[in-house]
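Coordinate analysis (summary)
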Amino acid sequence: MHTTPLRAAIIAASFLAASGLCASVARAQSTPAPAAPTSSSTPTSPSTPATPARDITVRIIAADWVAADMLRLVSGPRVEVVLVDALSKDAQPVAKPAPVLSPDTPNAAPDTPEIVRAQDALAAAIGPSWRDTLKDVHGAIATSSGPTFRDAAIALRLRPDAVVALDESLRPQLRVPRDATNPAQIEPLYWHDPGLWARGVTVTRRAVDAALRAEIAAANADEATDAIITELATRAREARDRLVALNDQISAQYTRLAQGSTVVVAAPGLAQLARVTRLDIRVVPRAWDQPDDAKAMDALVATMIERRVGVVFEVDAVDNPGIAEVVRRCADKGLKVRVGGTLHLHTPLPRDTAGVTGADALEAGAVERVVRHNARVIVGALVPEGLPRAE
């Protein structure tokens, strides 16, 4: 077939175009495409910049120094503890605590009658400056719940999962009455039993976890969630291990006393400790002029004479004139009784022997110092002379 010059040129041009197209396709196949955004990345709004993980913090109310101590043990530096003692003045320890807050309350409008009532109650308990005191609070914790504590949660519209009473972590069968004559009154100072105190770690971690997650979301710092929550879980695990070890150490100290040893104290509060140590705790009556009180005083003195109990313990923040009466009556019957020391049932101890008080006495470990102190005082006073005393 004869090929004209024009046809030859057309064929050559077509060949070159086909070669160029193939080369372009080859280059496109060999060049990786730009990576698409992953599903885990969270777009950041230009008007709401993300907060660095190191700056994520929350403020949580503690209704008493005991709850504040647990909060400090578990939470670490990401939580500012706001201690408001007024919230615990009407705490009601019961075997089965009532819910602290209805789940739908925080979502209610600020002007609902329930929230207005709670705000009025909170103003009466704390004062008109309660809004400044509790500004930007993310959660609340108490040793035992009471009406004022629950009103605070409602008035501040806190998340239900960030509000907790520590005694909710205790099974009812683990609680004991404060007084055998009144089984309905549950011992509120259960934390003198370190084993029960350790159970509060879990519910505390959950409350702090909820508060932190809410703040992380509000600060647009979702990428920090895993690291922050893992940090919290690690601290909680370490705190629980520490308290379990404390329980073992304290139990070992009390085994230096004979089972059923009589411990005479100026005020109630050690019923929960007696449950696990098998000590026979007797409380000195504060008065003896009424028939029932006089009978109780006579029975206590008779027991001390029979068992040769020569030690009685004072209690912090309690002035009990019955101690002097017990000492006098026992002396009249030939038994010398001395004051073995002061037990701390209601107030924290300084963190060292230098007399540090106030806020410094409330650093993490305040409850542990009290528990160790009481064991040392009781065992040290009751162990017979010549035997090793508690360290």
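Figured I'd write up the structure that's included with this text. Predicted, not measured: the structure shown is a model, and the values here were computed from it.

**Some points on the packing of helix H2 (residues 65–75) against helix H8 (residues 225–254)**
For the pair H2 and H8, interaxial distance at closest approach is 7 Å and the crossing angle is 125°. For the element pair H2 / H8, the angle class is oblique. Residue-level inspection shows Met70, Arg72, Leu73, Val74 and Ser75 of H2 in contact with H8, the latter providing Leu232, Arg235, Ala236, Ala239, Arg242 and Leu243. Split by residue class, the contact of H2 with H8 holds seven nonpolar, one polar and three charged.

**Focus: the nonpolar core**
Core analysis: the largest hydrophobic core is formed by 83 residues, its most contacted members being Trp191, Tyr254, Met304 and Phe313. Beyond its immediate stretch of four places on either side in the chain, Met304 contacts Val264, Val309, Val311, Val326, Cys330, Leu335 and Val337. Judged by nonpolar contacts, the second largest core, of 20 residues, contains Ala63, Ile115, Ala140 and Ala155.

**Here we look at the pattern of salt bridges**
Scanning the model with the defined rule gives 15 salt bridges in all. Where Arg117 meets Glu114, a salt bridge forms, and the shortest distance between an N and an O atom there is 3.1 Å. Separated by three residues within a single helix, Arg117 and Glu114 lie in helix H3 (residues 113–126), roughly one turn from each other. Residue Arg117 is classed as partly exposed on the basis of its relative accessible area of 37%.

**Observations concerning the pairing of strand S9 (residues 311–315)**
In terms of residue burial, S9 counts as a mostly covered element, since four of its five residues are buried. In the sheet, S9 pairs with strand S10 (residues 338–343) via four bridges, with the strands oriented parallel. Residue pairing across strands places Glu314 opposite Thr342, the latter belonging to S10.

**Section: the packing of aromatic side chains**
Counted under the stated rule, the structure contains one aromatic pair. Look at Trp65 and Trp191: their rings are 5.4 Å apart centre to centre, the planes differ by 80°, and that puts the pair in the edge-to-face class. Placement of Trp65 in helix H2 and of Trp191 in the loop between strand S6 (182–186) and helix H6 (194–198) is noted, with a sequence separation of 126 residues between them. Across the pair, exposure class does not vary: Trp65 and Trp191 are buried alike.

Thresholds applied
Residues numbered from 1 in each chain as written. Predicted model: local features only at pLDDT ≥ 70, side-chain atom pairs only at ≥ 80, totals over all residues. Heavy atoms only, no water. Axes fitted to C-alpha atoms, helices over the stretch in contact; angles between N-to-C directions. Helix = DSSP H or I, 4+ residues; strand = E, 2+ residues; numbered from the N terminus. Parallel < 35°, antiparallel > 145°, perpendicular 65-115°, else oblique. Contact = heavy atoms within 4.5 Å. Nonpolar A, V, L, I, M, F, W, Y, C, P; charged D, E, K, R; others polar. Core = buried A, V, L, I, M, F, W, Y, C linked by side-chain atoms within 4.5 Å. Buried < 20%, exposed > 50% of the residue type's maximum accessible area, 1.4 Å probe, protein only. Salt bridge = Lys/Arg side-chain N within 4 Å of Asp/Glu carboxyl O. Pairing = 2+ DSSP bridges. Phe/Tyr/Trp six-rings, centres within 6.5 Å; stacked < 30°, edge-to-face > 60°.

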